[in-house]
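Structure at a glance
Here are the chains, one letter per residue:
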Amino acid sequence: VQEKKIFMVQGPYPTIRSLLRARGWVERKPSRVGSRVEQHRGNQKKQQLETETSDDAAEQGETSYLVRDRVPNFIWTNYLSAVDHQLLQQDHVVNHYARVGAFTTKEGLCLSLQNLPWIEQADPNTFFPRCYRMGNMDEQEAFIEDFCLTAARSLLKMALEEAGDRLMGTEQPQNSNKGPGERYVSHPMPSTAGSGSPLYPWLVEEALEVCEQHLGILEHQDIDRGTPFPCRTCIDWDRFLQDYYCVAHEGARMVLSRAQRKQCQDLLQRLAEQLPQLGMEGKLNVWILKPGAASQGRGIVCTTQLEEVLQLARGCTAPSVQEGKWVVQKYVERLLTIFGTKFDIRQWFVVTDWKPLTVWFYQDCYLRFCSQPFSLRHLERARHLCNISVQKWYKMSPDQDPRVPPDRIWSSKQFQAHLAQLGRADAWHQVMVPGMKAAILNSLRSAQDQVGFRKGSFELYGADFLIGEDCQPWLLEINSSPTMSPSSTVTRRLCANVQRDTLRLVLDRKDNPTCSIGAFELIYKE
């Protein structure tokens, strides 16, 4: 008590509890644990929590009467709301900051990164798939426009990739409804090829016109001006999207003249200079709809249909999702897979101060695999959501490559060995890690003014990344209270290590600035 070594742990953190006791700390049990769990339905089950908070009761009984009425000097909990801030003193250490939802909820991160260009000379489109809050009508309209423009770009890509062997020579596609200076209003029914697949000769011409107008806007856009929607009235967008669906998802064909082929190539090259996400967005226009503040993959849906996104966002009745609290984000279609399987990366980092912002990056991380082979033609959760809390409900598909680990987890060391076998050994340290660090720092800076700062606090976060075909990392989300459950041999070791090194960083280092902090690396201090 005199040494101010009283701690409280709430949640299934036996490693934290054990490490603190080994340092000579005394535990004060949290009160009303059961009601806290029911109030804050988090990542752990009530039974787990009660089991962890009741162990070694006899050992602690001798000292409990000395500490039961004292405020703990160190608090590690799942939720900041479990802490009575009025009782905290300046030297008390807590593992959470207030108002971190500005970057740890999907809706908060979406909004904060929209403001990043005003704060830093950084473009969120280079590391964060474009994202819209569906509860905001302006952003919902912007998403609809984005969906249509992405469809137009996708048509140009498909025209080049799939219609290259059906060039029409130098003749122009039929367009009987468009005279000089006239707008595209309607079109005849598509003609039919010998195979029975309908042909859409006017689609490429329309897509070219839309993308040309959009490129002109992009080349003259500045930071404080929104991007107006090109061709708002020049074509029938409902009809255009229906034709696009037929081509992209039902196998309908397009025809392409040689002149149009050159136009498509040149235009896509110029668009790539303006749109950092052109390469990763693919050609099937897949989007992912997420509850704005939920976790563990709850309520997430992948879709290629604009109507489905709008219907779900406007009328969804999923539990724990507030009306309008949805975000829709562009799916990374051109992603790196391992053995034909999608994976993501859980990367830890710690913030020990917000003024000045001080960030520590953990040099060990792990990969999470899906249980079914990757396919953009099938959008089941088992193929596309890597969360452990989602994948635990699925068995490994018989179609899955046998080299995918049975527990669906790899360490970053295993990943680096795999990259070396592919001849891309340098990609981890030269592209992926620097990209993850930059994305984390930009996210924190974008939300810095909104976080409730308190000296003496710290917080461990888990950032989730996808890796593109070009090895560029794409930030998906940042999690507060990342799970420490040992779901595999790899996570059992790494989760124990990151908890051990976090205590070294926030406790031991105060008394001994030169002590080991394990795998943590200081990557930023203002």
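If you're wondering where the values come from, they're calculated on a predicted model, not measured in any experiment. (Residues numbered from 1 in each chain as written. Predicted model: local features only at pLDDT ≥ 70, side-chain atom pairs only at ≥ 80, totals over all residues. Heavy atoms only, no water.)

Moving on: the overall build of the protein chain. Within the protein chain, the secondary structure is distributed over 17 helices and 17 strands. Out of the 526 residues belonging to the protein chain, those deemed buried represent 53%. Residue pairs at least 24 apart in sequence account for 71% of intrachain contacts in the protein chain once pairs closer than 6 positions are excluded. Element-wise, carbon and sulfur atoms account for 48% of the exposed surface of the protein chain, whose accessible area totals about 23900 Å². (Helix = DSSP H or I, 4+ residues; strand = E, 2+ residues; numbered from the N terminus. Buried < 20%, exposed > 50% of the residue type's maximum accessible area, 1.4 Å probe, protein only. Contact = heavy atoms within 4.5 Å. Areas by Shrake-Rupley, 256 points an atom, 1.4 Å probe, with all protein chains shown as cover.)

Scanning the entire structure with this criterion turns up 22 aromatic pairs. With 5.0 Å between their ring centres and 80° between their planes, Phe-143 and Trp-287 make a pair best called edge-to-face. Placement of Phe-143 in helix H8 (residues 137–162) and of Trp-287 in strand S8 (residues 287–291) is noted, with a sequence separation of 144 residues between them. Taking the centre distance of 6.0 Å and the plane angle of 55° together, the rings of Tyr-244 and Tyr-245 count as tilted. Overall, Tyr-244 belongs to the buried group, its relative accessible area being 0%. Taking the relative accessible area as the measure of exposure, Tyr-245 reaches 4% and is therefore buried. Here the aromatic cluster, defined as three or more aromatic residues joined through ring pairs, consists of Phe-339, Phe-343, Phe-369, Trp-410, Phe-415 and Trp-428. Its guanidinium or amino end placed over the ring of Trp-287, Lys-330 lies 5.9 Å from that ring's centre, counting from NZ or CZ. (Phe/Tyr/Trp six-rings, centres within 6.5 Å; stacked < 30°, edge-to-face > 60°. Lys NZ or Arg CZ within 6 Å of the ring centre and 35° of its normal.)

Spatially, the four strands line up as an open sheet ordered S2-S1-S3-S4, and their pairing is parallel. The two strands at the open ends of the sheet, each matched to only one other strand, are strand S2 (26–27) and strand S4 (93–94). Summarising the sheet, strand S1 (residues 6–10) and S2 pair through two bridges and their orientation is parallel. Paired with Phe-7 across the two strands is Glu-27, which belongs to S2. Running at roughly 170° to S1, helix H1 (residues 14–22) makes contact with S1, S2 and strand S3 (74–77) of the sheet. (Pairing = 2+ DSSP bridges. Axes fitted to C-alpha atoms, helices over the stretch in contact; angles between N-to-C directions.)

Attention now moves to the side chain of Ser-488. Within the element layout of this structure, Ser-488 appears in the loop between strand S16 (473–480) and helix H17 (489–511). On the accessibility criterion, Ser-488 (5% relative accessible area) is buried. Setting aside residues no more than four positions away along its own chain, Ser-488 makes contact with Asp-407 and Ile-409.

Another aspect to go through is the sheet that holds strand S9 (residues 301–303). Across the sheet, which stays open at both edges, the four strands sit in the order S5-S10-S8-S9 with antiparallel pairing between neighbours. Each of the sheet's edge strands pairs with one partner strand only, and the pair in question is strand S5 (131–133) and S9. Neighbour to neighbour, the strand axes of the sheet diverge by 20° on average, direction disregarded. The strands that helix H6 (residues 106–114) touches are S5, S8 and strand S10 (326–330); relative to S5, the one it contacts most, it runs at about 115°.

Here we come to the environment of Glu-380. Along the polypeptide, Glu-380 turns up in the loop between strand S13 (366–369) and helix H13 (381–384). Residue classification places Glu-380 among the partly exposed positions, given a relative accessible area of 35%. In this structure the C-alpha to C-alpha distance between Glu-380 and Thr-303, which are 77 residues apart in sequence, comes to 9.8 Å.

Turning our attention to the packing of helix H9 (residues 203–218) against helix H11 (residues 258–274). In the contact formed by H9 and H11, the axes pass within 10 Å of each other and the chain directions differ by 30°. As far as their axial angle goes, H11 and H9 are roughly parallel. Read as a crossing pair, H9 and H11 show a hand that is left-handed. In this structure, H9 contributes Val-204, Glu-205, Leu-208, Cys-211, Glu-212, Leu-215 and Leu-218 to the contact, and H11 contributes Gln-260, Gln-263, Cys-264, Leu-267, Arg-270, Leu-271 and Gln-274. Partitioned by chemical class, the residues of the contact of H9 with H11 number eight nonpolar, three polar and three charged. (Parallel < 35°, antiparallel > 145°, perpendicular 65-115°, else oblique. Left-handed = near helix turned anticlockwise from the far one by under 90°. Nonpolar A, V, L, I, M, F, W, Y, C, P; charged D, E, K, R; others polar.)

Per the counting criterion, the structure on display carries 32 salt bridges. The residue Glu-477 makes a salt bridge to Lys-106 at a minimum N-O spacing of 3.0 Å. Remark: Lys-106 occurs in helix H6 and Glu-477 occurs in strand S16; sequence separation between them is 371 residues. A residue is classified by how much of its surface remains accessible, and Glu-477, at 12% relative accessible area, is buried. Given the relative accessible area of 10%, Lys-106 is considered buried. The salt bridge partner of Lys-325 is Glu-107, with a shortest N-O separation of 3.8 Å. With Lys-325 in the loop between helix H12 (306–315) and S10 and Glu-107 in helix H6, this residue pair connects regions lying 218 residues apart in the sequence. (Salt bridge = Lys/Arg side-chain N within 4 Å of Asp/Glu carboxyl O.)

Let's shift gears to the pairing of S3. Here S3 shows no split at all, with Phe-74 and Trp-76 on one side and Ile-75 and Thr-77 on the other all buried. The pairing of S1 with S3 spans four bridges and is classified as parallel. Its bridge partner being in S3, Phe-7 is matched across the sheet by Phe-74. Pairing between S3 and S4: two bridges, direction parallel. Note that in S4 the partner of Ile-75 across the bridge is Val-94.

On to the environment of Met-396, then. Mapped onto the secondary structure, Met-396 falls in the loop between helix H14 (388–391) and strand S14 (409–411). Exposure remark for Met-396: the relative accessible area of 28% places this residue in the partly exposed category. Along the backbone, Met-396 and Cys-370 are 26 residues apart, and their C-alpha atoms lie at a distance of 8.5 Å.

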